[in-house]
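Listed below are the residues making up each chain.
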Amino acid sequence: MFKFLKSLLGRGPAVTNVTPLDAEALVRQGAMLLDVRSAAERQATKIRGSTHVPLNDLGNRAGTLPRDRVIVCQCASGHRSALAAKRLAAAGFDVRNLQGGIQAWQADGLPTQ
(Lines give C-alpha, C1' and ligand atoms only; values in the text may rest on other atoms or scores of the structure.)
Protein backbone atom coordinates (compact mmCIF):
# COMPACT_ATOMS: atom_id res chain seq x y z
CA MET A 1 0.00 0.00 0.00
CA PHE A 2 2.79 2.44 0.87
CA LYS A 3 4.55 1.81 -2.47
CA PHE A 4 1.33 2.68 -4.28
CA LEU A 5 0.83 5.87 -2.25
CA LYS A 6 4.46 6.90 -2.76
CA SER A 7 4.12 6.43 -6.52
CA LEU A 8 1.00 8.62 -6.53
CA LEU A 9 2.84 11.32 -4.61
CA GLY A 10 5.81 11.21 -6.95
CA ARG A 11 8.10 9.50 -4.46
CA GLY A 12 8.08 6.13 -6.16
CA PRO A 13 10.96 4.66 -8.13
CA ALA A 14 12.74 7.03 -10.47
CA VAL A 15 12.19 6.40 -14.16
CA THR A 16 14.82 7.20 -16.76
CA ASN A 17 13.74 9.20 -19.79
CA VAL A 18 15.36 8.10 -23.04
CA THR A 19 15.69 9.86 -26.37
CA PRO A 20 14.12 8.32 -29.46
CA LEU A 21 17.55 7.16 -30.69
CA ASP A 22 18.29 5.55 -27.31
CA ALA A 23 14.84 3.93 -27.31
CA GLU A 24 15.44 2.55 -30.80
CA ALA A 25 18.76 1.08 -29.64
CA LEU A 26 17.09 -0.51 -26.60
CA VAL A 27 14.42 -2.08 -28.83
CA ARG A 28 17.12 -3.45 -31.14
CA GLN A 29 18.71 -5.00 -28.04
CA GLY A 30 15.43 -6.72 -27.11
CA ALA A 31 13.42 -4.16 -25.13
CA MET A 32 9.65 -4.08 -25.51
CA LEU A 33 8.19 -0.83 -26.83
CA LEU A 34 4.87 -0.29 -25.04
CA ASP A 35 2.38 2.11 -26.67
CA VAL A 36 -0.03 3.42 -24.01
CA ARG A 37 -2.06 5.70 -26.31
CA SER A 38 -5.71 5.23 -27.20
CA ALA A 39 -6.81 2.85 -29.94
CA ALA A 40 -7.73 5.79 -32.20
CA GLU A 41 -4.28 7.36 -31.82
CA ARG A 42 -2.62 4.05 -32.56
CA GLN A 43 -4.79 3.49 -35.64
CA ALA A 44 -3.56 6.80 -37.05
CA THR A 45 0.13 5.97 -36.64
CA LYS A 46 2.31 3.60 -34.66
CA ILE A 47 5.89 2.52 -34.23
CA ARG A 48 6.48 -0.81 -35.91
CA GLY A 49 6.89 -3.64 -33.42
CA SER A 50 5.30 -1.78 -30.52
CA THR A 51 2.81 -3.48 -28.22
CA HIS A 52 -0.45 -1.67 -27.48
CA VAL A 53 -1.83 -1.48 -23.94
CA PRO A 54 -3.83 1.73 -23.39
CA LEU A 55 -2.95 3.55 -20.18
CA ASN A 56 -6.42 2.94 -18.73
CA ASP A 57 -5.97 -0.84 -19.23
CA LEU A 58 -2.46 -1.01 -17.81
CA GLY A 59 -3.51 -2.06 -14.31
CA ASN A 60 -5.48 -5.02 -15.64
CA ARG A 61 -2.86 -6.10 -18.17
CA ALA A 62 0.43 -5.49 -16.35
CA GLY A 63 0.60 -9.20 -15.53
CA THR A 64 0.92 -9.98 -19.24
CA LEU A 65 4.05 -7.84 -19.63
CA PRO A 66 7.53 -9.38 -19.54
CA ARG A 67 9.63 -9.02 -16.42
CA ASP A 68 12.78 -10.29 -18.15
CA ARG A 69 13.07 -7.41 -20.63
CA VAL A 70 13.36 -3.64 -20.46
CA ILE A 71 10.06 -1.94 -21.27
CA VAL A 72 10.13 1.44 -23.02
CA CYS A 73 6.80 3.25 -22.56
CA GLN A 74 5.61 5.49 -25.37
CA CYS A 75 2.65 7.82 -25.96
CA ALA A 76 2.14 10.89 -28.14
CA SER A 77 4.24 13.39 -26.18
CA GLY A 78 5.79 11.54 -23.24
CA HIS A 79 3.34 12.55 -20.51
CA ARG A 80 1.05 9.50 -20.35
CA SER A 81 3.98 7.17 -20.94
CA ALA A 82 5.77 8.75 -17.96
CA LEU A 83 2.73 7.89 -15.81
CA ALA A 84 2.72 4.35 -17.17
CA ALA A 85 6.45 3.98 -16.59
CA LYS A 86 6.13 5.12 -12.96
CA ARG A 87 3.32 2.62 -12.36
CA LEU A 88 5.31 -0.21 -13.90
CA ALA A 89 8.49 0.75 -12.04
CA ALA A 90 6.53 0.73 -8.77
CA ALA A 91 5.40 -2.80 -9.65
CA GLY A 92 9.02 -3.91 -10.15
CA PHE A 93 9.41 -3.69 -13.93
CA ASP A 94 12.63 -2.46 -15.57
CA VAL A 95 11.19 0.48 -17.47
CA ARG A 96 12.14 3.63 -19.39
CA ASN A 97 10.06 6.51 -20.75
CA LEU A 98 10.36 7.70 -24.36
CA GLN A 99 10.86 11.43 -23.83
CA GLY A 100 8.73 13.40 -26.28
CA GLY A 101 6.77 10.31 -27.34
CA ILE A 102 5.99 9.40 -30.92
CA GLN A 103 6.20 13.08 -31.86
CA ALA A 104 9.89 13.16 -30.92
CA TRP A 105 10.38 9.76 -32.61
CA GLN A 106 9.04 11.17 -35.88
CA ALA A 107 10.94 14.47 -35.48
CA ASP A 108 14.16 12.44 -35.28
CA GLY A 109 13.26 10.83 -38.61
CA LEU A 110 12.56 7.37 -37.17
CA PRO A 111 9.99 5.27 -39.03
CA THR A 112 6.32 4.86 -38.17
CA GLN A 113 3.54 3.05 -39.94
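Computed from a predicted model, the values in this text were never measured in an experiment.

Rules used throughout
Residues numbered from 1 in each chain as written. Predicted model: local features only at pLDDT ≥ 70, side-chain atom pairs only at ≥ 80, totals over all residues. Heavy atoms only, no water. Buried < 20%, exposed > 50% of the residue type's maximum accessible area, 1.4 Å probe, protein only. Helix = DSSP H or I, 4+ residues; strand = E, 2+ residues; numbered from the N terminus. Arc of directions from axis to C-beta. Contact = heavy atoms within 4.5 Å. Pairing = 2+ DSSP bridges. Axes fitted to C-alpha atoms, helices over the stretch in contact; angles between N-to-C directions. Salt bridge = Lys/Arg side-chain N within 4 Å of Asp/Glu carboxyl O. Polar contact = N/O pair within 3.5 Å; in protein donor to acceptor, adjacent residues only side chain to side chain. Phe/Tyr/Trp six-rings, centres within 6.5 Å; stacked < 30°, edge-to-face > 60°. Lys NZ or Arg CZ within 6 Å of the ring centre and 35° of its normal.

S.K.: Whenever I open this one, helix H2 (residues 20-28) confuses me. Can you help?
M.R.: Residues spaced three or four apart along an α-helix point in a common direction, a consequence of the helix completing one turn every 3.6 residues. Within the sequence span of H2, burial applies to Pro20, Ala23 and Leu26. Down the axis of H2, the smallest arc covering the buried residues is 120°, so these residues share one side. Where H2 is buried, its residues touch strand S1 (16-18), strand S4 (71-74), strand S5 (95-98) and helix H6 (101-107). Phi turns positive, to about 115°, at Gly30, one or two residues after H2.

S.K.: Help me understand the sheet that holds S5, please; the structure alone is not making it clear to me.
M.R.: The strands making up a sheet associate through hydrogen bonds between their backbones, and the pairing can be parallel or antiparallel. Taken together, the 5 strands give an open sheet; going across it, the order is S1-S5-S4-S2-S3, and neighbouring strands pair in parallel fashion. Strands at the two margins of the open sheet, each flanked by one partner only, are S1 and strand S3 (51-52). Of the strand pairs in this sheet, strand S2 (residues 32-35) and S4 are connected by 4 bridges, and their pairing is parallel. When the sheet's bridge partners are listed, Leu34 is paired in S4 with Cys73. Contacts between H2 and the sheet are confined to S1, S2, S4 and S5, with S1 contributing the most and set at about 95° to the helix. Its contacts with the sheet put helix H5 (residues 79-90) on S2, S4 and S5, and the angle it makes with S5 is roughly 175°.

S.K.: I tried to follow the pattern of salt bridges on my own but got confused; where do I start?
M.R.: Side-chain pairs of opposite charge can arise whenever the charged atoms involved come near each other. This model, assessed by the stated rule, comprises 5 salt bridges. Here Arg37 ties to Asp35 by a salt bridge, and the two come within 2.8 Å at their closest N and O atoms. Members of the salt-bridge network, linked through shared partners, are Asp35, Arg37 and Arg42.

S.K.: Help me understand the side chain of Asn97 in this model?
M.R.: Along the chain, Asn97 falls in strand S5. Polar contacts involving the side chain of Asn97 include one to the main-chain carbonyl oxygen of Gly78, which spans 3.4 Å. In contact with Asn97, other than residues within four places in its own chain, are Val15, Thr16, Asn17, Val18, Cys73, Gly78, Ser81, Ala82 and Ala85.

S.K.: What exactly am I supposed to notice about the packing of aromatic side chains here?
M.R.: The tally for this structure, following the rule as stated, stands at 0 aromatic pairs. Residue placement shows Arg67 over the ring face of Phe93; its charged tip is 4.0 Å from the ring centre.

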